[in-house]
Amino acid sequence: MGGNSGKKISLNLKIYRQERKGIKGKMVDYLLTEVSTDMSFLEMLDMLNEKLIKDGEDPVAFDHDCREGICGMCSLMINGEAHGPEKETTTCQLHVRKFRDGQTIVIEPFRAKAFPVLKDLMVDRSALDEIIIAGGFVSLNAGNAPDANATPVPRNNAELAMDAAACVGCGACVASCANASAMLFTSAKISQLALLPQGKVEARKRVLDMVKKMDELGFGNCTNEAECEASCPKGIKITNIARMNREFLTATIAANN
Amino acid sequence: MSSNKLDAKIPEGPIEKKWDNHIFKSKLVNPANKRNYRVIIVGTGLAGASAASTLAELGYNVLAFCIQDSPRRAHSIAAQGGINAAKNYPNDGDSVWRLFYDTVKGGDYRAREANVYRLAQVSNNIIDQCVGQGVPFARDYGGYLDNRSFGGAQVSRTFYARGQTGQQLLLGAYSSMMKEVKSGKIKILARREMVELVKVNNRARGIIARNLTTGELEKYSADAVILATGGYGNAYYLSTNAMASNGSAIYRAYKQGAFFANPCFTQIHPTCIPISGTHQSKLTLMSESLRNDGRIWVSKKKGDTRAPSDIPEEDRDYYLERIYPSFGNLVPRDVASRNAKKVCDDGRGAGASGLSVYLDFKDAIKRDGENVIKEKYGNLFDMYERITDENPYRGPMRIYPAVHYTMGGLWVDYNLMSTIEGLFVLGEANFSDHGANRLGASALMQGLADGYFIIPYTLGNYFASNKFEKINTDNNAFTEAFDKAQKFFNKLMTIKGARSAEDIHKQLGRVMWEYVGMGRNEAGLKKAIAEIPKIREEFWNNLKIPGETNNVNVELEKAGRVADFLEMAELMAMDALERKESCGGHFREEAQTEENEAKRDDANFSHVAAWEYQGDNKTPIRHKEELTFEDVKIAQRSYK
Amino acid sequence: MSKDCCSSFWKTSITKKVLMSITGFILCLFILGHLIGNSLMFIGADIFNNYGHKLMSNPFIYVIEAILGIIFLTHVYNAIKLTIENYVARPEKYYMKVRSGRGATFASSTMIYTGSAILIFLIIHLINFKFGPVYIGTFDGTQMRDLHKLMLEFYQNKLNVIFYVGLMIVLAIHISHGVWSLCQSVGFNFDPYMKYIKIKAKFFAVLVAVGFSSYAIWASLQGGF
């Protein structure tokens, strides 16, 4: 089956446990044996939970849904990296074969003031929705749209917009940023819409509103370290942040003119 | 029996005029009055999100519920391939009529003609709407929208955004929703799961939802309830659905009197990554666009353990190309899946388990070069390699069918209203448009059609045609539903057995896949109907849920869903048993042609089977809605 | 711009970054000017001292110094503010956090430390030279401060050389991230050019470090004045 199928390894897990929102948590050690290397990382956690349930303990709560790397619901800091060590890969697509027999794996929730922990590894990332609510849309009501081919869009712009639109909103950029900044997330949406004629109309208002909201929510400031880009499972580039900065400056200078 | 309880309310007139006539005849709600209505929408996938934003734009107050932490996570996001529309931009002979015809035929003549025609009609508006929202569809060098041919269609009518079309369409709908959250017309209630439907005077007037963060049960009242909660494919445990995808909302509505139509119609998708072991928690689909360039084969020899590269050309059986020379690898999903199962059952399957077939790009790479293939399918190849640790550029991929979509769902009339007044059902959660088999790139189309362009008209008509007494959540009906939900969760918590919900779910999944899967027969279905109640009994006696109700409790959530699957599975098996014909995704081994093709029985089964709940452990009643075909000529599907 | 827009404008994270970037850019220009000006010492004491004299006797120098001072303080104030805000943005720290190796660098993650060192250095530097011992000499018939002599004398102490060279390396580290960062902050970063911007930033950093260090080392080698 998989390239190295049938192999079983043991893992020392060090997992952050927090019983409920607003209280202090702690790191807890678990030994998990007979882990198939073909398992996905989350299937390994499923296995741990199955064991915990059998032992009458509370299973580890973590967010996940599609398990195919697209919904953005899975998170986790794995050995100090958002979504673990594999490049451009979400936690759900990470596999146990990337770890050694006997390795210690530290698993923590994504941390930021704007991402409070709900339980164990589960965090509240609704702050990202708040940023979109501030302006991450085109004000078009159903029924108003002209024919889809009425406005041609240069292919390159469409491609760049798609690159930015690939963001899954997982929050890895915030988690991996030394400053818990949400600039990459915010800029991805601003870029996508600024690159397309349909989004151009309200581009100025959008960037001012979204940046303001982002700041209000308690995210940190960008120090251009690019850890966000490095940890982004969808390869969103920091050139989007540069574009957002440009958009912001032009919007500010041009405001009310 | 043909039922007078089922009035599809199909408008009069020629098929191409029905929808326009219906819109014209529909009553309107005065713009100033719209703000007096409140609508509950459960689910924020394509159907739910598009309905929420459009209804809010019109002025209704919307409460939008989703099970995930954000509406953007709904599983529509995972659709890869594309969305169909009859734009005919490529000038290759497409039309609304052809899309309609293809969809009815693809559904093996088990869909309602009028609904499908309307779907084809509004398909073009969807593309306009999405482009307007800033969905970055693929474009050619002139800046115009690109199309591809997809999943058995002979015209290029599929619009796409790389391999992430579902994601982009959902984010488009989500952004429209967020616009209305800002305007104050939508309130998002995330991390909440509907646990009861509340009826007042026989109309759907609210829901009880469990707050998944605090564990509290919450009451919400409204003037209408819309369910857009997707399919119930997770009844098989392993499917391409997301982990939290479930059938509980529609099943609990079914228990309140909404008829469940064609529950046995499930689609098995042919191009999934095979199972790697018992730890498997879900299956991952690869876009069937892969079949455009990949060739499917197995060894001609049984039990061939050679590596694929060691199997010479003359020992390879490109079985789809051999059996279906004109469609080849592009036959519809059900045909491709069934043939894969057949060659594997024949002992010719690939891989250690023998449960997979090869999907080979060797010839495509030779013809177009690795770069072209990489550009087209690079992300899919990467995904395959990440999961299997095998490099698809070097050797063939292995694929196997997996449960993917459920065509069945709550019965709805032309207005998308269920048999419960005021309960509307959209998207995959209803049964309406795909008959017995859904064509590729049509799910996105249906979800958005229902939400953007159909429900805004039909819901208005419902409001304008009825009088609504003011109610609030102090009403007795809410208290009763609340108590019922509380009892349900308490009962689950007090079992204190030994097995996890997941473990029991897996057991159910094995039975379902074995007996209610790709090939079904009377003996197998009867076996399933005998087995499922036993698993149900095991569940209610031996379930173990750690933790407490008043906190995040993932095990309790899962248990609630599995409890419903354990009942729904039986309904699916019963429906499959009753439908003694093969059609689309429903293949009864007793009903096949000499060439092993699905054989329909139009004389006896040209109808929708809609099941009416009768109470716990009582056999539900099977109603029929006869299907008449005036505009499509019925034929035996043939892809030879 | 309306007043309201103005006040909120100064509060945004991007504005703070742009402010860092503009002040940083001007400070870089100052460093470049300082570097070029100081290179005159290789040519001779008279030219070097003349340059210093002309610069300091121009009345506008006080205005320029004041502006430079404000810019420098703005840079420092903003840096401290950003650092505090960024610290607060993650109240609970990670048990384990590693750099991916694909993003942050040593330079980028130590900006506040290298910056603080530069601040302290600057104060010492001003004490050493601007407010240091005053030697008077006559060049081209004019009496003026003999900075050339001061420098040669100062660098006779090997500890001073080590300290200054060390600090120039710190400055280079600060600049190597700073220059690239200032481009990014004002939006001057386009995909194909990113690596060139980064190379130029590094080149400038090395130039500054090598240039200033070469003065200190050269001066230390000019014995017996």
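Small disclaimer: the values here were computed from a predicted structure and weren't measured.

Re the overall build of chain B
- Secondary structure assignment for chain B yields 17 helices and 20 strands.
- Rg of the C-alpha trace for chain B: 24 Å, near the compact-globule value of 26 Å for 640 residues, within the 12% margin.
- Taken along its principal axes, the extent of the C-alpha atoms in chain B is 75 × 60 × 50 Å.
- Here chain B, with 640 residues, has 60% of them falling under the buried criterion.
- Pairs at least 24 residues apart make up 73% of the contacts formed inside chain B by residues separated by at least 6 positions.

Overview of the overall build of chain A
- In terms of helices and strands, chain A carries nine helices and seven strands.
- Burial statistics for chain A: of 257 residues in total, 65% are counted as buried.
- Sequence-distant contacts, at least 24 apart, represent 71% of the contacts inside chain A between residues at least 6 apart.

So, the interface of chain C and chain A
- Across the boundary between the two partners, chain C contributes 42 residues, which contact 43 residues of chain A.
- Breaking the side of chain C that touches chain A down by element, the ones donating at least two residues are α1 (3-11), α2 (13-38), α4 (60-88), α5 (106-109) and α8 (158-185) of chain C.
- The dominant element in the side of chain C that touches chain A, judged by the number of residues it contributes, is α2(C), at five residues.
- Of the residues contributing to the side of chain C that touches chain A, the split by class is 19 nonpolar, 14 polar and nine charged.

Side note on the sheet that holds strand β4 (residues 81-82) of chain A
All names here are of chain A.
- One open sheet accounts for five strands, arranged β2-β1-β5-β3-β4; its pairing is mixed. Here the strands that pair on one side only, and so sit at the sheet edges, are β2 (26-36) and β4.
- Looking at chain direction, strand β3 (residues 77-78) and strand β5 (residues 104-108) are connected through two bridges and run antiparallel. Bridge pairing in β5 links M77 to E108.
- Packing against the sheet, helix α1 (residues 41-54) makes contact with β1 (8-17) and β2, and its axis sits at approximately 105° to β2.

Focus: the pairing of strand β2 (residues 61-65) of chain B
Residues and elements named next belong to chain B.
- Across the five residues of β2, four count as buried, placing the element largely inside the fold.
- Pairing analysis gives five bridges linking strand β1 (residues 38-42) to β2, with the strands arranged parallel. In the strand pairing of β2, V42 is matched with F65.
- Following the backbone out of β1, through helix α2 (residues 46-58) and into the adjacent parallel β2, one traces a crossover that is right-handed.
- Of the strand pairs in this sheet, β2 and strand β6 (residues 186-189) are connected by four bridges, and their pairing is parallel. Looking at β6, one finds that A64 is bridged to I188.

Re the interface of chain A and chain B
- Listed per partner, the contact involves 69 residues of chain A and 66 residues of chain B.
- For the side of chain A that touches chain B, the secondary-structure elements that each account for two or more residues are α1, β6 (117-119), α2 (126-133), α3 (155-165), α5 (183-194) and α6 (197-200) of chain A.
- Examining the composition of the side of chain A that touches chain B, we find that six residues originate from one element, α1(A), more than from any other.
- Class assignment for the residues of the side of chain A that touches chain B results in 32 nonpolar, 19 polar and 18 charged.

Considering the nonpolar core
- Judged by nonpolar contacts, the single largest core of 307 residues is most densely connected at V174(A), I41(B), I226(B), L227(B), L410(B) and L423(B).
- Considering each element in turn, this core owes the most residues, 14 residues, to helix α16 (residues 554-578) of chain B.
- If you look at the next biggest cluster of nonpolar residues, it comprises 25 residues, including M41(C), L152(C), C183(C) and A216(C).

Comments concerning the arrangement of the chains
- Here two pairs of chains make contact, and the pair sharing the most contacts is chains A and B.
- With no contact formed, the shortest span from any C-alpha in chain B to any C-alpha in chain C equals 19 Å.

Notes on the sheet that holds strand β7 (residues 192-200) of chain B
Residue and element names in this part refer to chain B.
- Read from one edge of the open sheet, three strands run β7-β8-β9, paired in antiparallel fashion. Strands with a single pairing partner mark the edges of an open sheet, and in this sheet they are β7 and β9 (217-221). Neighbouring strand axes in the sheet, compared pairwise and without regard to direction, differ in orientation by 25° on average.
- One ladder, built from five bridges, connects strand β8 (residues 203-211) with β9; its direction is antiparallel. Residue pairing for β9: G206 is matched across the bridge by S221.
- Packed on one face of the sheet, helix α13 (residues 476-493) meets β7, β8 and β9 and runs near 140° to β7.

Quick look at the domain arrangement of chain A
Residue and element names in this part refer to chain A.
- Structurally, chain A comprises domain 1 (8-118) and domain 2 (125-254).
- Placing the centre of domain 1 and that of domain 2 at their C-alpha centroids yields a distance of 29 Å.
- With 18 residues of domain 1 at the contact, the number on the domain 2 side is 18 residues.

As for the packing of α2(C) against α4(C)
Residue and element names in this part refer to chain C.
- Between α2 and α4, the least distance of the axes is 9 Å, while the angle of their chain directions is 140°. Classed by the angle they form, the pair α2 and α4 counts as oblique. When the axes of α2 and α4 are compared, the crossing they make is left-handed. Facing K16, L19, M20, T23, G24, I26, L27 and F30 of α2, the residues of α4 in contact are L68, I71, F72, T74, H75, N78, A79 and L82.
- Tallied by class, the residues present in the contact of α2 with α4 amount to 10 nonpolar, five polar and one charged.

Details of the environment of H125(C)
- Position of H125(C) among the secondary structure elements: in helix α6 (residues 111-130).
- Spatially, the C-alpha atom of H125(C) lies 27 Å from that of I84(C), the residues being 41 residues apart in sequence.

A closer look at the confidence of the model for chain B
- For chain B, mean pLDDT is 95; residues scoring 70 or higher make up 99% of the total.
- Confidence estimates for the predicted assembly give a pTM of 0.95 and an ipTM of 0.97.

Thoughts on the domain arrangement of chain B
Residue and element names in this part refer to chain B.
- Assigned domains of chain B: these are domain 1 (15-28 + 39-265 + 407-465), domain 2 (269-403) and domain 3 (494-601).
- Each of domain 1 and domain 3 has a C-alpha centre, and the two are 25 Å apart.
- Listed as interface residues are 29 residues of domain 1 and, on the opposing side, 29 residues of domain 3.
- Of all the secondary-structure elements, those providing two or more residues to the side of domain 1 that touches domain 3 are β7 and α6 (248-255).
- Taken together, the residues of the side of domain 1 that touches domain 3 sort by class into 15 nonpolar, 11 polar and three charged.

Each value, and the rule that gives it
- Residues numbered from 1 in each chain as written.
- Chains lettered and ligands numbered in written order.
- Predicted model: local features only at pLDDT ≥ 70, side-chain atom pairs only at ≥ 80, totals over all residues.
- Helix = DSSP H or I, 4+ residues; strand = E, 2+ residues; numbered from the N terminus.
- Rg over C-alpha atoms; globule rule 2.2 N^0.38 Å.
- Buried ≥ 20, exposed ≤ 12 C-beta atoms within 10 Å, placed from the backbone.
- Contact = placed C-beta atoms within 7 Å.
- Nonpolar A, V, L, I, M, F, W, Y, C, P; charged D, E, K, R; others polar.
- Pairing = 2+ DSSP bridges.
- Axes fitted to C-alpha atoms, helices over the stretch in contact; angles between N-to-C directions.
- Right-handed = clockwise from strand over helix to strand, strands pointing away.
- Core = buried A, V, L, I, M, F, W, Y, C linked by C-beta atoms within 7 Å.
- Domains from an automatic or database assignment.
- Parallel < 35°, antiparallel > 145°, perpendicular 65-115°, else oblique.
- Left-handed = near helix turned anticlockwise from the far one by under 90°.
- pLDDT = per-residue confidence, 0-100.

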